[in-house]
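# Breakdown of the fold
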Amino acid sequence: MSEAKVNPQIEESWKEILEEEFSAPYFGALKAFLIEEKKKHTVYPPGPLIFSAFDHTPFNKVKVVILGQDPYHGPGQAHGLCFSVNRGVDKPPSLMNIFKEIERDLRIPAPPHGNLEHWADQGVLLLNATLTVRARQAGSHQNKGWERFTDAAIRALSEKRNGLVFLLWGNYAGAKEALIDRGKHHVLKAPHPSPLSASRGFFGCSHFSKTNELLQSQGLEPIDWQQKK
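Report follows, based on the coordinates. (Residues numbered from 1 in each chain as written. Predicted model: local features only at pLDDT ≥ 70, side-chain atom pairs only at ≥ 80, totals over all residues. Heavy atoms only, no water.)

## Details of the overall build of the protein
Check the secondary structure of the protein and you find nine helices and six strands. Relative to the 2.2 N^0.38 estimate, which gives 17 Å for 229 residues, the radius of gyration of the protein is 17 Å and therefore close to what a compact globule would have. With the principal axes as the frame, the protein shows a C-alpha extent of 50 × 35 × 30 Å. Considering the protein as a whole, with its 229 residues, one finds that 55% of them fall into the buried category. Within the structure as shown, the protein displays about 10700 Å² of accessible surface, and the carbon and sulfur contribution to it stands at 49%. A gap of 4 Å separates the mean positions of the 28 positive and 25 negative side-chain charges of the protein. (Helix = DSSP H or I, 4+ residues; strand = E, 2+ residues; numbered from the N terminus. Rg over C-alpha atoms; globule rule 2.2 N^0.38 Å. Buried < 20%, exposed > 50% of the residue type's maximum accessible area, 1.4 Å probe, protein only. Areas by Shrake-Rupley, 256 points an atom, 1.4 Å probe, with all protein chains shown as cover. Lys, Arg positive; Asp, Glu negative; His and termini not counted. Charge placed at Lys NZ, Arg CZ, Asp CG, Glu CD.)

Encoded structure:
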């Protein structure tokens, strides 16, 4: 496998921070896998949107990190931000539960759409561990190299930034706590918002108001969790 540096279309500050990853052999292998995969299958999200989380939220603008696992694998859903879907696409159950908790926590009514770009543009990094998926096959691109890449992003935030708020929902995201320096950052954990587990403690976690309290305690602007219409 070629070890030539891959030159992805990704926001410049992240490109610099993650430069070593792009020249690592595993990333070249990941690119080769995706090229072959796209010859035979539909892959989500579309190529230009794979790095949307980074493009919307430059490294030094990150204030909050929400970690997901996999992109949505249905038509038109995934657009590179975890839990978020394109406008005009039905809100998935986990996202509906996120909006329910925001409504309970902050009295903000659920929006008519599920596009979370408004959060990302304010400094909420909406990062999936795996950045691509084969259509209709959840988890199909796991263990191909993406996790190593996104772990490097989390590690870089932990090492080079201070006072970030990490929201870890569910066991998979919770395991990423090992990458985060708890002496420098705030970690809020809860069950996953999926219908299978939301009633076990996601509902009532108040992570959205708690996040804003932690930001304001550092003199930072709180996140406006209300979606634009």
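## Looking at the pairing of strand 2 (residues 64-68)
The buried count for strand 2 comes to five of five residues, which makes it a mostly enclosed element. Side-chain alternation along strand 2 places Val64, Ile66 and Gly68 on one buried face and Val65 and Leu67 on a second face that is also buried. Across three bridges, the pairing between strand 2 and strand 5 (residues 165-169) is parallel. Pairing of Ile66 across the sheet is with Leu167, part of strand 5. (Pairing = 2+ DSSP bridges.)

## Some points on the side chain of Asn97
Counting through the fold element by element, Asn97 comes out in helix 5 (residues 93-106). When near neighbours in sequence (up to four residues on either side) are disregarded, Asn97 contacts Pro193, Ser194, Pro195, Ala198, Phe202 and Phe203. (Contact = heavy atoms within 4.5 Å.)

## Description of the sheet that holds strand 5
Within the open sheet, the four strands sit side by side as 3-2-5-6. Their pairing is parallel. Since the sheet does not close on itself, it has two edges, and those belong to strand 3 (124-128) and strand 6 (186-190), each with one partner. Strand-to-strand twist in this sheet, taken as the mean axis angle between neighbours without regard to direction, amounts to 20 degrees. (Axes fitted to C-alpha atoms, helices over the stretch in contact; angles between N-to-C directions.)

## Things to note about the nonpolar core
Counting residues in hydrophobic clusters, the biggest one holds 69 residues, and the most contacted among them are Trp14, Phe54, Ile66, Trp119 and Phe149. Tallying contributions element by element places helix 7 (residues 146-160) first for this core, with seven residues. Setting aside residues no more than four positions away along its own chain, Trp119 makes contact with Ile66, Ile98, Phe99, Ile102, Val124, Leu126, Phe208, Asp224, Trp225 and Gln227. (Core = buried A, V, L, I, M, F, W, Y, C linked by side-chain atoms within 4.5 Å.)

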